[in-house]
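Listed below are the residues making up each chain.
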2 protein chains.
Amino acid sequence: MPATKMKATIKSVATDLFYRKGYYATAISDIARGSGIQKASIYYHYASKEDLLFSILETTMDDLTVYIRETLEGVSDVEERLRVAIRGHVGFHLTRQKENFIANSELRGLSSQNFRAIVRMRDAYERIFQDLIRRGIDDGAFAVVDVKILSYAILTLCTAGASWFKPDGRLNVDEIALIYENFIISGLKQAEGAVLRPPVAALSG
Amino acid sequence: MPATKMKATIKSVATDLFYRKGYYATAISDIARGSGIQKASIYYHYASKEDLLFSILETTMDDLTVYIRETLEGVSDVEERLRVAIRGHVGFHLTRQKENFIANSELRGLSSQNFRAIVRMRDAYERIFQDLIRRGIDDGAFAVVDVKILSYAILTLCTAGASWFKPDGRLNVDEIALIYENFIISGLKQAEGAVLRPPVAALSG
DNA sequence: AATGGCCTACCGTCCGGTCGGCAGATGACA
DNA sequence: TGTCATCTGCCGACCGGACGGTAGGCCATT
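Read on for a plain summary of the structure. Model, not experiment: these values are computed from the prediction.

With respect to the protein's contact with DNA strand D
Around DNA strand D, a shell composed of 16 residues is seen, among which A:Lys39, B:Gln38, B:Ala40, B:Tyr44 and B:His45 lie nearest. When the atoms of DNA strand D within 4 Å of the protein are grouped by moiety, sugar and phosphate amount to 60% of the total. In the environment of DNA strand D, a phosphate oxygen lies 2.6 Å from a nitrogen or oxygen atom belonging to the backbone of B:Gln38. In the environment of DNA strand D, a phosphate oxygen lies 2.6 Å from a nitrogen or oxygen atom belonging to the side chain of B:Tyr44.

Next comes the structure, spelled out in structure tokens:
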């Protein structure tokens, strides 16, 4: 087996174990066994256990950011942009459930330097949503709300799906995304304010 | 020092350390040092490290459930009941931040038996909110939404505050609770549906 | 001959938990 | 009230094992 493939296998096995048992409860020897390899061989591909974790988190954050930016391309309506971003966010988190779960629960396993790196990426990602919301407020599409608090809220909410979602459950990814989407947009319009805009295309179509 | 006080001290120190460093990263000897005691003495008060964790989680869940039930007493309006519950939920999580953070991030440290016990308590608590939402739908106060998904969403959202809230930050507990409250209630009314009810007393008063 | 990819064997450390005992407070009893 | 046995709360020393990581070598491919 070429090195790059083994490396990917290790990462995949580690992702699965970190997701199921947690980072601390997973031993390098567990990952080795799952990869059909000896413990020492792991260190040919990754410098340390933390390096492996970091690699998973970095890739996930990278992919997520790229994905959401792609998703937004060509969409101009301010409300639709947020809707699209929510769908993208939920979709990404539910389809790449394990990695995202780890990214939101195992940051503790990182050294302060690596921790800061991931947090920086996360902050940049959050800023995308904050800008979308702010833009919506400025355009009058949303009520005047606390952008920071609600952006955290929205992301947390969508992210949480990664901890309970079951691919073969009652609802599929798209259905869940739609539920969140409507809930959030309605929340941002604030019922007691003027809720006068007509339903958007994305909803009725 | 009487035994009961030392026991409380240990629990408090453990809560602080579990919150700051995480359960696995905290050694019994750390807790002992923080309590001004020797490691072996911890075991006079608690049977094991897990027992200590479980004790924290059990107390927290108990207190939370009792608190929310008290909060709801005497409130009859269906929308106001949910509002009150949200305020209570947020308030509890932000004022007893450490314990709640642990309760939502360190369940992995529990044996399957203890894990089940806590999950049972959590499920019972969630059911309170699910009933409130369902009741609001039946009464026409809320749009017809997916109760299960949105109850998870609401609780997660409010709970998340415990991971970033800073007591001396820009907003205090009540302000944050109000933001969440309005956001959620608006979300449940669903902007594109019939949002015809007048603002409730709690909002204008 | 050299490199890549993996192995066996081993090391040092840390950590949860146990054991036996010790000092002071408590209480029964003469 | 003085004496002695008992209990309470804690301690120092230790154990067993798990775990991250290393050293050095082996073998197939190039």
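Considerations on the protein's contact with DNA strand C
The environment of DNA strand C is formed by 16 residues, the closest being A:Gln38, A:Ser41, A:Tyr44, A:His45 and B:Lys39. Across the atoms of DNA strand C situated within 4 Å of the protein, the share located in sugar and phosphate is 60%. Note that a phosphate oxygen of DNA strand C is positioned 2.7 Å from one of the backbone N or O atoms of A:Gln38. Note that a phosphate oxygen of DNA strand C is positioned 3.4 Å from one of the backbone N or O atoms of B:Thr26. Residue assignment for the surface near DNA strand C shows that the elements contributing at least two residues are helix H1 (3-21) and helix H3 (39-45) of chain A together with helix H3 (39-45) of chain B. Looking at the surface near DNA strand C, the element that brings in the most residues is H3(A), giving four residues. The residue inventory of the surface near DNA strand C, partitioned by class, reads nine nonpolar, five polar and two charged.

Considering the interface of chain A and chain B
In this assembly, 38 residues from chain A lie in contact with 38 residues from chain B. In total, about 2900 Å² of surface goes out of reach between chain A and chain B, with carbon and sulfur atoms giving 71% of it. When residues of chain A are sorted by the area they lose upon contact with chain B, A:Arg108, A:Ile149 and A:Phe183 head the list and together hold 24% of the total. For the pair chain A and chain B, the interface holds four salt bridges. One salt bridge connects A:Asp146 with B:Arg170, and the closest N-O pair in it is separated by 2.8 Å. Along the contact surface separating chain A from chain B lie six residue pairs in polar contact (both at pLDDT 80 or more). Going through the elements one at a time, H1, helix H8 (147-164) and helix H9 (173-189) of chain A are the ones with two or more residues in the side of chain A that touches chain B.

Observations concerning the relation of the copies chain A and chain B
In the superposition of chain A on chain B (RMSD 0.1 Å, axial shift 0.0 Å), the rotation amounts to 180°. The transformation relating the two chain copies, once decomposed into turn and shift, fits a two-fold axis. Every residue of chain A has its C-alpha some distance from the rotation axis, and the shortest such distance is that of A:Gly187, at 2.0 Å. The share of interface residues of chain A whose copies in chain B are also at the interface is 100%, consistent with both copies meeting through the same surface.

Describing the pattern of salt bridges
Evaluated as defined, the whole model comprises 31 salt bridges over all chains. Put simply, A:Asp139 and A:Arg135 hold a salt bridge, and the shortest N to O gap is 3.8 Å. Judged by its relative accessible area of 47%, A:Asp139 is partly exposed. The salt bridge partner of B:Lys189 is B:Glu79, with a shortest N-O separation of 3.2 Å. Taken together, the residues B:Lys189 in helix H9 (residues 173-189) and B:Glu79 in helix H5 (residues 78-95) connect sequence positions 110 residues apart. Looking at B:Lys189, the relative accessible area reads 9%, which means it is buried. Residues joined by salt bridges that share partners form a network here, namely A:Glu79, A:Glu80, A:Arg83, A:Arg87, A:Glu181 and A:Lys189.

The rules behind each value
- Residues numbered from 1 in each chain as written.
- Chains lettered and ligands numbered in written order.
- Predicted model: local features only at pLDDT ≥ 70, side-chain atom pairs only at ≥ 80, totals over all residues.
- Heavy atoms only, no water.
- Near = heavy atom within 4 Å.
- Polar contact = N/O pair within 3.5 Å; in protein donor to acceptor, adjacent residues only side chain to side chain.
- Helix = DSSP H or I, 4+ residues; strand = E, 2+ residues; numbered from the N terminus.
- Nonpolar A, V, L, I, M, F, W, Y, C, P; charged D, E, K, R; others polar.
- Contact = heavy atoms within 4.5 Å.
- Buried area = accessible area lost by both parts, 1.4 Å probe.
- Salt bridge = Lys/Arg side-chain N within 4 Å of Asp/Glu carboxyl O.
- Least-squares fit on C-alpha atoms with pLDDT ≥ 70 in both.
- Buried < 20%, exposed > 50% of the residue type's maximum accessible area, 1.4 Å probe, protein only.

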